[in-house]
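# Structural characterization, general
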Amino acid sequence: MENSWWNRALKVLPGGVDSPVRAFGGVGGVPLFIQRAQGPYLYADDGKAYVDFIGSWGPMILGHNPKEVVEALKEQLSRGLSFGMCTDIEVELAECILSKIPGMEKIRLVNSGTEATMSAIRVARGATGRHKIIKFRGCYHGHGDSFLIQAGSGALTHGTPSSRGVTPGVAQDTLVADYNHLEDVSALFDANPNEIAAVIVEPVAGNMGCVPPRAGFLEGLRELCTKNGAVLIFDEVMTGFRVSDGGAAKRFGVLPDMITLGKIVGGGMPLAAYAGKESLMRNVSPLGKVYQAGTLSGNPMAVTAGLSQLRALFQLNPWESLEKKGAFLESALKAAAASAGCSVQINRVGAMFTVFFSSLPVVDTETAMSSDTKRFAAFFHAMLSQGILFPPSQFETTFFGTSHTEEIFERTISAARTAFEKAI
Ligand SMILES: Cc1ncc(COP(=O)(O)O)c(C=O)c1O
Ligand SMILES: N[C@H](C=O)CCC(=O)O
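None of the values given here were measured: they were computed from a predicted structure.

What follows covers the layout of surface pockets. Taken as a whole, the second largest pocket spans an internal volume of roughly 720 Å³. Lining the second largest pocket are 29 residues; nearest its centre among them are Glu-90, Ile-107, Arg-108, Leu-109 and Ser-297. For the lining of the second largest pocket, the elements supplying multiple residues, two or more each, are α3 (88-98) and β4 (106-110). By residue number, the principal contributor to the lining of the second largest pocket is α3, which donates five residues.

Encoded structure:
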């Protein structure tokens, strides 16, 4: 044990990890160390195969190592890893994404969702000449300073929703509203006339667990932003190409001014993007005065992974079938919990869902936080011991994709029957 990978990791990486949510802090125990992955399975160094309901936190909608992506990457590998110059494939990826996301006219490729959201608010600030932004409690937009105020994801799991190291000067420009509470947003606009550059929102919240927008919430944000001259940014890093072929904007029929993308658009490689209307994106350097750059931006390997995954995805057109599979899984899990006498709420939008160990409907951060994290941990470990890996925190979203077959769902449901009994 002394020389286990986990012990070695603890000596050299803060908390043993390179991203907090991997540390199993919300559920206890030792994290898995993964050696390889294929389709819906992760193969760990304990010699076991786990059905993966994390999917690298969202990107792996076609399962691990889809042949289209692997073949394309092999081909690109033989040509070179990074050129730091323009490529035809980055143009193809930009065209491909813009043709699918309603209302977006120009796009810039970056390396992470964090970069995408930081850049999007810089553009909004540059374009409006205003400083303040509104974000929602429990939403996560990466680890840019402006967003680590009442943030979700690992920040919520590890009890540090507002990070140390963010200066009061930065923090004062981030105003916080409750998700699904339009009246909060309206009050913030009233209290800060002509000062708010942007409202940034996860159109389906996924970083306090999965919380869908209430009917009228996104529409209301659209109206308030238009009325007050603020830029509406949908952070679709999680929802982009997951909840529909045009993301949440298309699924809910509400057009933001800008969107951010990540995860699926990178096919498992570090790639993300921000996009917007021409009138906003013309502010981005070298056209305009908002500076944003990146040594590896548009990296050919990452672009190849993203483009080949997106092309395979559009060819397959799986969204209707993912919706049906999701509805089946949701109702089977609800039935399993009920027959075990285990009180849960299951929130789901398409192929993203969360089982909340709560007796109250979960509609915002307060209700998400009312979940019993001890019961969640018992459920998580009971599933893990049966070879099923759910995200190791109550406040993360569970993902599935096209490689999760009916047989895998049956196995998952049967494991959940036992797991719910251990989580009463
Ligand atoms: C909605 C959302 N926005 C932004 C991010 C940040 O992306 P990244 O982790 O690639 O920096 C994430 C996930 O981490 C996310 O879920
Ligand atoms: N919830 C996060 C992003 O969606 C999980 C990924 C991470 O921060 O490691």
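Looking now at the sheet that holds strand β3 (residues 49-52). Across the sheet, four strands lie side by side as β1-β2-β3-β13; this open sheet has mixed pairing. The sheet is open, and its two edges are formed by β1 (34-38) and β13 (388-389), each paired on a single side. As paired strands, strand β2 (residues 41-44) and β3 are joined by three bridges and run antiparallel to one another. When the sheet's bridge partners are listed, Tyr-41 is paired in β3 with Val-51.

For the rest of this paragraph, the subject is the packing of helix α14 (residues 373-385) against helix α15 (residues 406-421). Where α14 contacts α15, the two axes come as close as 9 Å, and the packing angle between them is 135°. Taken together, the axis directions place α14 and α15 in an arrangement best described as oblique. Viewed along their axes, α14 and α15 form a crossing whose handedness is right-handed. Each of Phe-379, Ala-382 and Met-383 in α14 lies in contact with α15, whose residues at this interface are Thr-412, Ala-415, Ala-416, Ala-419 and Phe-420. Among the residues forming the contact of α14 with α15, the class breakdown is seven nonpolar, one polar and no charged.

The next point concerns the UniProt feature "modified residue: N6-(pyridoxal phosphate)lysine" (unreviewed entry) in the chain. The sites that carry the UniProt feature "modified residue: N6-(pyridoxal phosphate)lysine" (unreviewed entry) are, in the present numbering, Lys-263. In contact with Lys-263, other than residues within four places in its own chain, are Trp-57, Gly-58, Pro-59, Val-237, Met-238, Gly-268 and Leu-271. At a separation of 2.9 Å, a polar atom in the side chain of Lys-263 contacts the main-chain carbonyl oxygen of Trp-57.

The strand order β4-β10-β9-β8-β7-β5-β6 describes an open sheet built from seven strands, whose pairing is mixed. For this open sheet the edge positions go to β4 and β6 (174-177), each flanked by a neighbour on one side alone. Here the average twist between neighbouring strands, direction ignored, is 20°. Running over the sheet, helix α7 (residues 182-191) touches β5 (132-136), β6 and β7 (196-201) and is turned about 150° from β6.

Turning our eyes to something else, we now look at the packing of α3 against helix α11 (residues 300-316). Here α3 crosses α11 at 40°, and the two axes come no closer than 9 Å. Handedness of the crossing formed by α3 with α11: left-handed. Together, Ile-89, Glu-90, Glu-92, Leu-93, Cys-96 and Ile-97 of α3 and Pro-300, Val-303, Thr-304, Gly-306, Leu-307, Leu-310, Arg-311 and Phe-314 of α11 make up the contact between the two elements. Considering only residue class, the contact of α3 with α11 consists of nine nonpolar, two polar and three charged.

As a further point, take unusual backbone geometry. Cis rather than trans, the peptide bond between Ser-285 and Pro-286 has omega equal to 10°. Tracing the chain through its elements places Pro-286 in the loop between α10 (278-281) and α11. Positive phi is not limited to glycine here, since Trp-57 has a value of about 70°. Locating Trp-57 in the fold gives a position in the loop between β3 and α2 (67-77). Phi angles above zero are rare outside glycine, and Asn-194 is one such case at about 55°. If you trace the backbone, Asn-194 turns up in the loop between α7 and β7.

Scoring rules and cut-offs
- Residues numbered from 1 in each chain as written.
- Chains lettered and ligands numbered in written order.
- Predicted model: local features only at pLDDT ≥ 70, side-chain atom pairs only at ≥ 80, totals over all residues.
- Heavy atoms only, no water.
- 1 Å grid on protein atoms, 1.4 Å probe; cavity = no way out; pocket = protein on both sides within 12 Å on 5 of 7 lines; lining within 4 Å.
- Points joined across faces, edges and corners; volume = space filled by probe spheres on them.
- Helix = DSSP H or I, 4+ residues; strand = E, 2+ residues; numbered from the N terminus.
- Pairing = 2+ DSSP bridges.
- Axes fitted to C-alpha atoms, helices over the stretch in contact; angles between N-to-C directions.
- Parallel < 35°, antiparallel > 145°, perpendicular 65-115°, else oblique.
- Left-handed = near helix turned anticlockwise from the far one by under 90°.
- Contact = heavy atoms within 4.5 Å.
- Nonpolar A, V, L, I, M, F, W, Y, C, P; charged D, E, K, R; others polar.
- UniProt positions renumbered as here; feature names shortened; annotations may be inferred.
- Polar contact = N/O pair within 3.5 Å; in protein donor to acceptor, adjacent residues only side chain to side chain.

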